[in-house]
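One-letter residues, chain by chain:
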Amino acid sequence: MNESYVEIDIDKIIENIQNIKRINPNSMYCAVLKANGYGLGAFKIAEQVEEYIDYIAVARLNEAISLRKAGIKKPILVLGAVYFKDVSKCIKYDIDIPIIDLEYAKKINDSIDEKVNVHLALDTGMGRIGFRDYEEDKIRELKNLENINVISAFTHFSTADEADTSYTEMQNDKFIKIINDINNAFNLEFVHIANSAAAIKHNINRDMIRVGISTYGIYPSDLLKEENNVELKQCFSFKSRVIFIKEVEAGTSISYGRTFTADKPMKIATLSIGYADGYIRAFSNLGEVLINGKLCKVVGRVCMDQMMVDVTGVDVNIDDEVIIYPDIYKEAAKIDTIPYELMTSINLRVPRIYKKSGKIISIDNYIGEIYED
Ligand SMILES: *Cc1c(COP(=O)(O)O)cnc(C)c1O
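Quick caveat, the model's predicted, so the values are computed rather than measured.

Some details on the pattern of salt bridges
Scanning the model with the defined rule gives 19 salt bridges in all. The partner of Asp 133 in a salt bridge is Lys 174, with the nearest N and O atoms 3.7 Å apart. One end of the pair, Asp 133, is in the loop between β6 (116-122) and α7 (136-141); the other, Lys 174, is in helix α8 (residues 166-186), with 41 residues separating them in the sequence. As a salt-bridge pair, Asp 181 and Lys 177 come within 2.7 Å of each other at their nearest N and O atoms. Separated by 4 residues within a single helix, Asp 181 and Lys 177 lie in helix α8, roughly one turn from each other. On the basis of relative accessible area, Asp 181 is assigned to the partly exposed category, the value being 28%.

This is how it looks when you write it as structure tokens:
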């Protein structure tokens with residue numbers, strides 16, 4: 001058995017997709033599988049849920065190509081800019097890309113001799129990539145570029161997970177205006193705007209929703225979790241194991257730098273997980289894990305490959321299972337981050353174990369297998 005691992009429950013992902021589709025019944029579902037499926041494994045998830053979705057989005061071209069090479073057939077959109085010299089590969093592998101400005105489009109147009117399918121990236125307020133609303137003339141110039149086949153346009157929300165909806169409405173209004181103004185020129189097949197938050201909280205969905213975090217059963221923010229507009233089930237659990245247990249006297253210090261000293265006799269367990277597995281070092285003296293139903297505090301600094309927790313008064317044995325994020329929202333907030341970062345930080349050293357109908361269907365060991373076949 002592996003010391004630390006992530007379990008991914010495919011049934012829960014499918015349920016989340018179905019629940020989100022139910023409240024967005026007229027939109028195609030684009031599963032956002034960037035960053036290796038938010039750390040959970042893009043290919044395995046794509047393979048298992050392909051029949052429930054319409055589109056896949058990733059962040060990088062290599063993510064898109066690896067899904068294609070692995071046999072994924074659904075349309076794939078790369079969300080970030082692809083280096084113009086690599087765009088011929090998008091044609092070869094049938095991958096859509098965003099057009100982020102006119103100069104970029106011209107470079108791409110000149111570097112290929114076939115049409116590439118593109119989605120216009122519109123910056124309505126995210127401030128990241130894309131054409132601004134006063135650049136409609138530049139957008140229209142794309143018509144003169146024979147290899148740029150504009151099939152869609154999209155924008156991205158900056159605050160759709162927050163209580164104040166005014167900025168989201170402003171972005172949506174800008175998007176509608178640009179689309180109306182340019183639609184005659186391009187005959188867009190479809191447009192898309194919503195991330196998880198917009199698909200769950202706002203009734204803004206358009207032709208396709210781009211759902212990342214909530215596909216995996218996580219609400220985009222604490223607010224959306226409280227509002228509970230849709231039932232989501234966290235599809236993964238990050239687990240580790242107790243490898244060592246000791247009783248310590250008052251005055252015993254624990255881990256690097258002696259940032260923790262026992263003020264009374266304590267029982268301390270050492271776990272086989274550290275920051276190199278993706279358990280961020282900022283959790284030193286802050287994080288909590290669950291062992292046999294009891295919350296146990298991280299004591300001392302998180303090391304690269306191990307860490308210590310307080311198991312005083314807890315019934316615990318060597319090899320007992322440890323749940324690393326008993327409440328991922330609460331743990332993320334403790335170190336001023338979000339579940340997205342905790343998920344995508346889980347290192348590739350940690351095997352991913354996939355379950356369906358309660359059975360293990362596969363195990364991905366990126367670094368190496370323990371058991372030889
Ligand atoms: C990451 C991303 C999404 C998905 O966001 P979630 O909050 O995870 O649903 C959608 N669209 C774009 C452009 C993104 O970069």
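Brief notes about the packing of aromatic side chains
Counting across every chain of the model gives 8 aromatic pairs. Ring centres of Tyr 55 and Phe 190 lie 5.6 Å apart, and the angle between their planes is 55 degrees; on these two criteria the pair is classed as tilted. Within this pair, whereas Tyr 55 is found in strand β3 (residues 55-58), its partner Phe 190 is found in strand β8 (residues 190-194), the two being separated by 135 residues in sequence. When sorted by exposure, Tyr 55 lands in the same class as Phe 190, which is buried. Between the aromatic rings of Phe 283 and Tyr 325, the centroid separation amounts to 6.0 Å while the plane-to-plane angle is 50 degrees, which identifies the pairing as tilted. Taken together, the positions of Phe 283 in the loop between β13 (266-271) and β14 (288-291) and Tyr 325 in the loop between β17 (321-323) and α11 (328-334) put the pair 42 residues apart, joining distant regions of the chain. Residues Phe 283 and Tyr 325 agree in their burial class; the two are buried. Connected via pairs of aromatic rings, a cluster forms that spans Phe 238, Tyr 279, Phe 283 and Tyr 325.

Here's the deal with the UniProt feature "modified residue: N6-(pyridoxal phosphate)lysine" (unreviewed entry) in the protein
UniProt records the feature "modified residue: N6-(pyridoxal phosphate)lysine" (unreviewed entry) at Lys 34, using the numbering of this structure. Its location among the elements puts Lys 34 in helix α2 (residues 34-38). Classification of Lys 34 as partly exposed rests on a relative accessible area of 25%.

Considering the environment of Ala 250
With respect to the secondary-structure elements, Ala 250 resides in the loop between β10 (236-248) and β11 (253-254). By relative accessible area, which is 45% here, Ala 250 ends up partly exposed. As a C-alpha pair, Ala 250 and Met 266 span 16 residues in sequence and 7.4 Å in three-dimensional space. The residues contacting Ala 250, other than those within four sequence positions of it, are Ala 262, Asp 263, Lys 264 and Pro 265.

Some words on the side chain of Ser 221
Mapped onto the elements, Ser 221 comes out in the loop between β9 (208-211) and α10 (222-227). Take Ser 221: its relative accessible area is 14%, and that puts it in the buried class.

Considerations on the site of the ligand
The environment of the ligand is formed by 13 residues, the closest being Lys 34, Tyr 38, Ser 196, Ile 213 and Tyr 340. Residue Arg 128 places a side-chain N or O atom 3.1 Å away from an oxygen atom belonging to the ligand. Between Arg 210 and the ligand, the recorded distance is 2.8 Å, taken from a side-chain N or O atom to a nitrogen atom. In isolation the ligand offers 390 Å² of accessible surface; the protein chains occlude 93% of this area. Taken atom by atom, the bulk of the ligand overlaps the largest pocket. Elements with a minimum of two residues in the shell around the ligand: α2 and β9.

Overview of a negative patch on the surface
Where like charges cluster on the molecular surface, the negative patch consists of Glu 162, Asp 164, Glu 169 and Asp 173. Within the fold, Glu 162 resides in the loop between β7 (148-155) and α8.

Some words on the pairing of strand β5 (residues 95-99)
Where burial is concerned, most of β5 is hidden: 5 out of the 5 residues are buried. Along β5, one buried face is formed by Ile 95, Ile 97 and Ile 99 and the opposite face, lined by Asp 96 and Pro 98, is buried too. Bridge count for strand β4 (residues 76-78) against β5 is 2 bridges, and the pairing is parallel. Looking across to β5, one finds that Leu 77 is bridged to Asp 96. Chirality of the crossover, the property in question, places the unit of β4, helix α5 (residues 87-92) and β5 among those that are right-handed.

The rules behind each value
- Residues numbered from 1 in each chain as written.
- Predicted model: local features only at pLDDT ≥ 70, side-chain atom pairs only at ≥ 80, totals over all residues.
- Heavy atoms only, no water.
- Salt bridge = Lys/Arg side-chain N within 4 Å of Asp/Glu carboxyl O.
- Helix = DSSP H or I, 4+ residues; strand = E, 2+ residues; numbered from the N terminus.
- Buried < 20%, exposed > 50% of the residue type's maximum accessible area, 1.4 Å probe, protein only.
- Phe/Tyr/Trp six-rings, centres within 6.5 Å; stacked < 30°, edge-to-face > 60°.
- UniProt positions renumbered as here; feature names shortened; annotations may be inferred.
- Contact = heavy atoms within 4.5 Å.
- Near = heavy atom within 4 Å.
- Polar contact = N/O pair within 3.5 Å; in protein donor to acceptor, adjacent residues only side chain to side chain.
- Areas by Shrake-Rupley, 256 points an atom, 1.4 Å probe, with all protein chains shown as cover.
- 1 Å grid on protein atoms, 1.4 Å probe; cavity = no way out; pocket = protein on both sides within 12 Å on 5 of 7 lines; lining within 4 Å.
- Sits in = over half its atoms within 2 Å of the grid points.
- Patch = residues over 30% accessible without salt bridge, like charges linked within 9 Å, V, L, I, M, F, W, Y side chains within 5 Å.
- Lys, Arg positive; Asp, Glu negative; His and termini not counted.
- Charge placed at Lys NZ, Arg CZ, Asp CG, Glu CD.
- Pairing = 2+ DSSP bridges.
- Right-handed = clockwise from strand over helix to strand, strands pointing away.

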